[in-house]
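Survey of secondary and tertiary structure
Read off the chains here:
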Amino acid sequence: MSSSSPEDRAKLPAWITSMVVHASLVVLVLLWATQVPQGTAEETARDVGIVLKRSTSDGVKFEGEEDTPADKTADVDTPNPTPAEPSEALPTLAENSNSADALPATSAVGPRAEIGGGASRMADAGGTRGGAPGELGEEANVEYFGVQGTGTKFVYLVDRSASMDGAPLAAAKAQMVESLQSLDDVHQFQIIFFNASAQPFTIDGRQRIAFATDQNKRMAERQLRGVTAYSSTDRLNALVAALRLGPDVIFFLTDVDSPMTEEELRKIASENRRYNATICTIEFGRGPDPQRYNFLKALADRTGGQYGYVNARALRAE
């Protein structure tokens with residue numbers, strides 16, 4: 001019987017050892033695979049992978065997933081609300097009351113104006129513009145020296161040049177206080193006294209048209225006391241300033257010294273195409289009405305306003 005050589009005895013254990021090692025590795029891999037929980041790979045992918053989502057009318061959805069309540073509510077991008085544009089603050093309005101239909105008597109300051117010229121184009125309107133707090137209310141029939149204008153926004157434009165000194169200016173201020181009382185707090189007003197320059201009153205902190213609240217009317221009355229007459233007259237720029245406040249009606253009071261030219265009247269007509277305001281004119285004269293056609297009558301006729309004449313010599317200072 002032949003015997004194995006030392007070399008054969010050395011090779012056999014190495015081969016067997018290799019087989020055992022490989023078999024063990026296979027068994028270990030199989031055991032590990034059978035113990036891994038189902039779905040682990042899928043959940044891991046969601047945690048660390050990239051997930052695409054899209055917004056629809058039904059909410060946010062993950063790309064490729066079924067519509068579920070979780071999909072519609074998860075990761076919803078809530079946009080920050082866009083801040084509202086700041087609105088211009090308006091005076092607080094009290095409860096609405098009916099607008100006055102007539103002015104108080106004017107005997108304290110002299111005769112009412114003799115009314116002529118064109119009739120107000122708004123006198124028969126009778127329309128309304130709301131009336132809730134913060135909104136313009138019914139149109140009011142407002143008088144100044146007996147000249148009537150109808151609307152919701154009124155500007156009093158009064159000459160304060162040197163020729164108006166004394167009783168004429170005092171009467172203009174007294175009549176204005178009475179006229180303001182015919183405005184409800186759902187109407188708006190502004191006052192401009194002019195000579196070589198024109199500047200609106202500061203009402204409620206602004207030089208704009210303001211609601212006719214009791215507080216704003218008292219504020220205007222306080223400023224009236226400080227108005228004096230001096231200097232020359234620039235009617236054109238004063239009228240342009242009044243128009244740019246956007247009124248329905250302008251009560252324009254002046255004398256006829258250094259009358260406006262036809263070119264200036266054309267400029268006013270051109271400017272007024274943007275605003276379509278009614279211009280009611282009041283002429284302060286020296287003596288009885290001369291019954292002549294002048295620039296104040298023309299301005300009233302061209303804008304649908306009324307014209308009135310006041311004999312300044314018949315007025316008495318307060």
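Residues numbered from 1 in each chain as written. Predicted model: local features only at pLDDT ≥ 70, side-chain atom pairs only at ≥ 80, totals over all residues. Heavy atoms only, no water.

1. Points about the overall build of the protein
When helices and strands are counted, the protein shows eight helices and 12 strands. Across the 318 residues that make up the protein, the buried fraction comes to 41%. Accessible area for the protein stands at about 18,000 Å²; split by element, carbon and sulfur atoms hold 53% of it. (Helix = DSSP H or I, 4+ residues; strand = E, 2+ residues; numbered from the N terminus. Buried < 20%, exposed > 50% of the residue type's maximum accessible area, 1.4 Å probe, protein only. Areas by Shrake-Rupley, 256 points an atom, 1.4 Å probe, with all protein chains shown as cover.)

2. Description of the side chain of S161
By secondary structure assignment, the location of S161 is in the loop between strand 6 (153-159) and helix 4 (167-180). Residue class for S161 comes out buried when judged on its relative accessible area of 1%. S161 has contacts with F194, N195, A229, Y230, S231, S232 and T233, leaving out every residue within four places of it along the chain. (Contact = heavy atoms within 4.5 Å.)

3. What to know about the pattern of salt bridges
Evaluated as defined, the whole model comprises nine salt bridges. As a salt-bridge pair, E271 and R244 come within 3.0 Å of each other at their nearest N and O atoms. Here E271 is found in helix 7 (residues 262-272), whereas its partner R244 is found in the loop between helix 6 (235-243) and strand 10 (249-254), with 27 residues between them in sequence. Among the residues examined, E271 registers a relative accessible area of 13% and is labelled buried. Accessibility expressed as a relative area gives 52% for R244, which makes it exposed. Salt-bridge contacts for R274 lead to E271; the nearest nitrogen and oxygen are separated by 3.7 Å. Three or more residues joined by partner-sharing salt bridges are found here, namely E262, E263, R266 and R302. (Salt bridge = Lys/Arg side-chain N within 4 Å of Asp/Glu carboxyl O.)

4. Side note on the packing of helix 4 against helix 5 (residues 214-224)
Running from N to C, helix 4 and helix 5 cross one another at 180°; their axes reach a closest spacing of 11 Å. Considered as vectors, helix 4 and helix 5 are oriented roughly antiparallel to each other. Here K173, M176, V177 and L180 of helix 4 come into contact with helix 5, specifically with K217, A220, E221 and L224. (Axes fitted to C-alpha atoms, helices over the stretch in contact; angles between N-to-C directions. Parallel < 35°, antiparallel > 145°, perpendicular 65-115°, else oblique.)

5. Comments concerning the packing of helix 6 against helix 7
To characterise two packed helices, one gives the angle between the axes of the helices and the distance between these axes. Interhelical geometry of helix 6 versus helix 7 gives an angle of 10° and a closest axis separation of 10 Å. One element, helix 6, and the other, helix 7, form an angle in the roughly parallel class. Counted together, L236, L239, V240 and L243 of helix 6 and E264, K267, I268, E271 and N272 of helix 7 form the full contact between these two elements. For the contact of helix 6 with helix 7, the residue count by class is five nonpolar, one polar and three charged. (Nonpolar A, V, L, I, M, F, W, Y, C, P; charged D, E, K, R; others polar.)

6. Points about the confidence of the model for the protein
Atomic detail in the predicted coordinates should be set aside for any region of low pLDDT. Residues at a pLDDT of 70 or more form 62% of the protein, whose mean pLDDT is 75. Considering only residues more than four positions removed or in separate chains, one finds that residues 38-110, a stretch of pLDDT under 50, has 86 contacts. Considering only residues more than four positions removed or in separate chains, one finds that residues 117-133, a stretch of pLDDT under 50, has 49 contacts. (pLDDT = per-residue confidence, 0-100.)

7. Quick notes on unusual backbone geometry
A positive phi is found at S258, a non-glycine position, where the angle reads about 45°. Tracing the backbone shows S258 in the loop between strand 10 and helix 7. At Q291, a residue that is not glycine, the phi angle is positive and equals roughly 60°. Judged by its relative accessible area of 59%, Q291 is exposed.

8. So, the environment of A269
With respect to the helices, strands and loops of the structure, A269 is situated in helix 7. For A269 and R302, which are 33 residues apart along the polypeptide, the C-alpha to C-alpha distance reads 7.8 Å.

9. A word on helix 6
Burial within helix 6 is extensive, with seven of its nine residues counted as buried. By the burial criterion, the buried members of helix 6 are R235, L236, A238, L239, V240, A242 and L243. The inward-facing, buried residues of helix 6 contact strand 6, strand 7 (188-194), strand 8 (198-200), strand 10, helix 7 and helix 8 (295-303). With a side-chain oxygen positioned 3.4 Å from the backbone nitrogen of L236, the residue opening helix 6 is D234. (Polar contact = N/O pair within 3.5 Å; in protein donor to acceptor, adjacent residues only side chain to side chain.)

10. Comments concerning the environment of A171
Looking at the secondary structure, you find A171 in helix 4. When its relative accessible area of 1% is taken as the criterion, A171 is described as buried. With 26 residues separating them along the chain, A171 and F145 place their C-alpha atoms 9.3 Å apart.

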